[in-house]
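Below are the chains, spelled out letter by letter.
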Amino acid sequence: MSNFDDLLASVPTGLWIDGKPTDAARSRTFAVENPATGDTLAEVADASAEDALRALDSACRVQREWAATAPRQRAEILRAAWQLVTDRAEDFALLMTVEMGKALAESRSEVAYGAEFLRWFSEEAPRIQGRYTTAPSGNGRILVTKSPVGPCLAITPWNFPLAMGTRKIGPALAAGCTMIVKPAEATPLTMLLLAQVFADAGLPEGVLSVVPTSDAASVSGPLMEDPRLRKVTFTGSTAVGRKLIEQSAHQVLRVSMELGGNAPFVVFDDADLDAAVDGAMAAKMRNGGEACTAANRLIVANAVREEFTARLTARVAAMTVGPGYDEKNQIGPLITAKQRSSVAELVDDAVAAGARVRTGGGPIDGPGYFYQPTVLDDVPVQSRIVAEEIFGPVAAITGFDTEDQAIAAANSTEFGLAAYIYTQSLDRSLRVADALESGMVGVNRGVISDPAAPFGGVKQSGLGSEGGTEGIEEYLETKYVALPL
Ligand code: ADP
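Please read all numbers here as calculations on a predicted model, not as lab measurements.

The next point concerns the sheet that holds strand 5 (residues 131-134). Taken in spatial order, the 3 strands make up an open sheet running 5-6-20, and their pairing is antiparallel. The sheet terminates laterally at strand 5 and strand 20 (476-483), the two strands that pair on one side only. Averaged over neighbouring strand pairs, the angle between their axes works out to 20 degrees when direction is ignored. Taken together, the 8 bridges between strand 6 (residues 141-148) and strand 20 define a ladder with antiparallel strand orientation. When the bridges of strand 20 are listed, T145 appears paired with K479.

Encoded structure:
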């Protein structure tokens, strides 16, 4: 790990305000842990409400100037940041693996995916467009312009420490907004390294701040009460999202919410089973199952269920588990002991209700928060594991007989983020995709996220879209200017 020690020493650990790490709050720090060992990796400055307001002062000081910066110039900075993240891909990958736990190969994919938001939105910055038309009545002209929303607060989760930042920072900066990022307490190091990269890419001071804290609400609360803040964008649990939506009402903030998921993964009897098993491995086991798009419920046609389950079980049982920074491991630790207990409780509850364990089924002893890759079949639909987000390497399988039953089962959740279907029928694909109550549907694909596509949920999975041509709209206000003829 000597390379890693050098890397760690190069990561800023102070609050990132005014374009540099500040030592002002170094008397208050919190520990960042390696979930594979439980060891402390670094002590990071712990932001207070005053620090957060200092970051907002800084954002407000430069907001007007940043909004007036030529779109091409904003684009060049984002593009330079993409290049720097790409050049330092191995550093980012290793840092994420060590603070978050995921396998190194997964971190490398996240670096490519996360960096791409910066390149994509560098290309969107010069394409912000309004419109101009003659009023239908013929007695005026209509001019519609777009302007940046203003200073934004981004609150990000730990499961994709880089991409959940770039997916918000990219469009905000492209639109001409300033942004304060409150990264997850478990994984602040990746975001601090990203702040350094933006400074190296030429981002003016104050446009981006990063305020790690051990007490999220004490930082987000005062910021959201301050009338100078204009937007909050959040990725995390529905419970916290709901609180933030309530708080956002006071100042009537713009909100974007990427909340929990409970993705159905439906395998019809006409599916290509090899493709379906490959897809299930990706949709379920990617990121160790710690993804809001993870296949939470595998809903499989009874005619092919045993065949599918046997093949999936063989693949899952063969997965190598251990520290993510050891290249041979495919599944790293869960993020915390608490997260592992919550996965264990869901599995134990399902098994007590009658689910059959086909492989795995329990935590792994020793240091670190490892859980066995698990397949459960015959999962009773009343089990908690069917209703709640698992966030671990556990595949829970239930059966169905008719297409209508499959659709009803898939939709019987308050969530509506991602859904996956496997069938060789084009008619069925389109029919079922239409009927599913979710913001995203993968057809014969187990991984759907793409910076060029709108990511977002319906029902209690969220509000708004990130990525695609839609993503930048979340950071733009619409103004109508009425002109005479
Ligand atoms: P997870 O279960 O994935 O940790 P959370 O919704 O708890 O999801 O956390 C996502 C982000 O929200 C993290 O950055 C966390 O610090 C932050 N957070 C948690 N509770 C609050 C709160 N009450 N107010 C503001 N942010 C919060």
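Let us look at the sheet that holds strand 13 (residues 295-301). In sheet architecture, strand pairing relies on hydrogen bonds along the backbone and comes in two forms, parallel and antiparallel. Strand order in the open sheet formed by 7 strands is 14-15-16-13-12-17-18, with mixed pairing between adjacent strands. Edge positions in the sheet fall to strand 14 (356-359) and strand 18 (440-443), since each of these pairs with one other strand and no more. If you compare each strand with its neighbour and ignore which way they point, the axes differ by 25 degrees on average. As paired strands, strand 12 (residues 263-267) and strand 13 are joined by 5 bridges and run parallel to one another. Note on strand 13: the bridge partner recorded for A263 is A295. Contacts between helix 14 (residues 403-411) and the sheet are confined to strand 12, strand 13 and strand 16 (394-400), with strand 13 contributing the most and set at about 170 degrees to the helix.

So, on to the packing of helix 3 (residues 71-87) against helix 5 (residues 104-124). Interhelical geometry of helix 3 versus helix 5 gives an angle of 165 degrees and a closest axis separation of 7 Å. Of the possible angle classes, the one that applies to helix 3 and helix 5 is roughly antiparallel. For the element pair helix 3 and helix 5, the recorded crossing hand is left-handed. Across from A75, L78, R79, A81, W82, V85 and T86 in helix 3, the residues of helix 5 making contact are V111, A115, E116, L118, R119, F121, S122 and E123. Counted by class, the contact of helix 3 with helix 5 contains 9 nonpolar, 2 polar and 4 charged residues.

Turning next to helix 2 (residues 49-68). An ideal rise of 1.5 Å per residue puts 28 Å on 20 residues; helix 2 measures up with 29 Å between its terminal C-alpha atoms. Along helix 2, the helix axis deviates most sharply at V62, where the bend reaches about 45 degrees. All buried positions along helix 2 are accounted for by A49, D51, A52, A55, L56, S58, A59, V62, Q63 and W66.

With the rule as written, the count across this model stands at 33 salt bridges. R88 serves as the salt-bridge partner of D91, at 3.1 Å between the closest nitrogen and oxygen. Classification of D91 as partly exposed rests on a relative accessible area of 27%. Classification of R88 as partly exposed rests on a relative accessible area of 24%. A salt bridge links R431 to E403; the shortest N-O distance between them is 2.8 Å.

Our focus in this paragraph is the packing of helix 4 (residues 89-100) against helix 5. The contact between helix 4 and helix 5 brings their axes to 8 Å, and the two run at 125 degrees. Judged by the inter-axis angle, helix 4 sits oblique to helix 5. Of the two possible hands of crossing, helix 4 and helix 5 adopt the one that is right-handed. Note on element contacts: helix 5 touches helix 4 through L104, S107, R108, E110 and V111, opposite A89, E90, F92, A93, L94, M96 and T97. Tallied by class, residues from the contact of helix 4 with helix 5 come to 7 nonpolar, 2 polar and 3 charged.

Further remarks concern the site of the ligand. Close to the ligand lie 16 residues, the nearest being T156, W158, K182, E185 and S237. Contacts to the ligand include T156, whose backbone N or O atom sits 2.7 Å from an oxygen atom. Within the side chain of K182, a nitrogen or oxygen atom sits 2.7 Å from an oxygen atom of the ligand. When isolated, the ligand has an accessible area of 550 Å², and the protein chains bury 78% of it. If you list the elements that add at least two residues to the shell around the ligand, you get helix 8 (216-225), strand 10 (231-235) and helix 9 (238-248). Examining the composition of the shell around the ligand, we find that 3 residues originate from one element, helix 8, more than from any other. Across the shell around the ligand, the residue classes break down as 9 nonpolar, 5 polar and 2 charged.

Glancing now at the domain arrangement of the chain. With domains assigned, the chain is organised as domain 1 (2-259 + 461-483) and domain 2 (263-450). Computed from C-alpha atoms alone, the centre-to-centre distance between domain 1 and domain 2 is 30 Å. Contacts between domain 1 and domain 2 engage 27 residues on the former and 26 residues on the latter. By the criterion of area lost to domain 2, the three top residues of domain 1 are A36, W158 and S461, representing 24% of everything that side buries. Of the charged contacts in the structure, one is a salt bridge between R108 and E327, with a shortest N-O distance of 3.0 Å. For the interface between domain 1 and domain 2, the tally reads 11 residue pairs in polar contact (both at pLDDT 80 or more). Only helix 4 and helix 5 provide two or more residues apiece to the side of domain 1 that touches domain 2.

Reading guide: rules and limits
Residues numbered from 1 in each chain as written. Predicted model: local features only at pLDDT ≥ 70, side-chain atom pairs only at ≥ 80, totals over all residues. Heavy atoms only, no water. Pairing = 2+ DSSP bridges. Helix = DSSP H or I, 4+ residues; strand = E, 2+ residues; numbered from the N terminus. Axes fitted to C-alpha atoms, helices over the stretch in contact; angles between N-to-C directions. Contact = heavy atoms within 4.5 Å. Parallel < 35°, antiparallel > 145°, perpendicular 65-115°, else oblique. Left-handed = near helix turned anticlockwise from the far one by under 90°. Nonpolar A, V, L, I, M, F, W, Y, C, P; charged D, E, K, R; others polar. Expected span 1.5 Å × (residues − 1). Bend = angle between axes of the 7 residues up to and from the residue. Buried < 20%, exposed > 50% of the residue type's maximum accessible area, 1.4 Å probe, protein only. Salt bridge = Lys/Arg side-chain N within 4 Å of Asp/Glu carboxyl O. Near = heavy atom within 4 Å. Polar contact = N/O pair within 3.5 Å; in protein donor to acceptor, adjacent residues only side chain to side chain. Areas by Shrake-Rupley, 256 points an atom, 1.4 Å probe, with all protein chains shown as cover. Domains from an automatic or database assignment. Buried area = accessible area lost by both parts, 1.4 Å probe.

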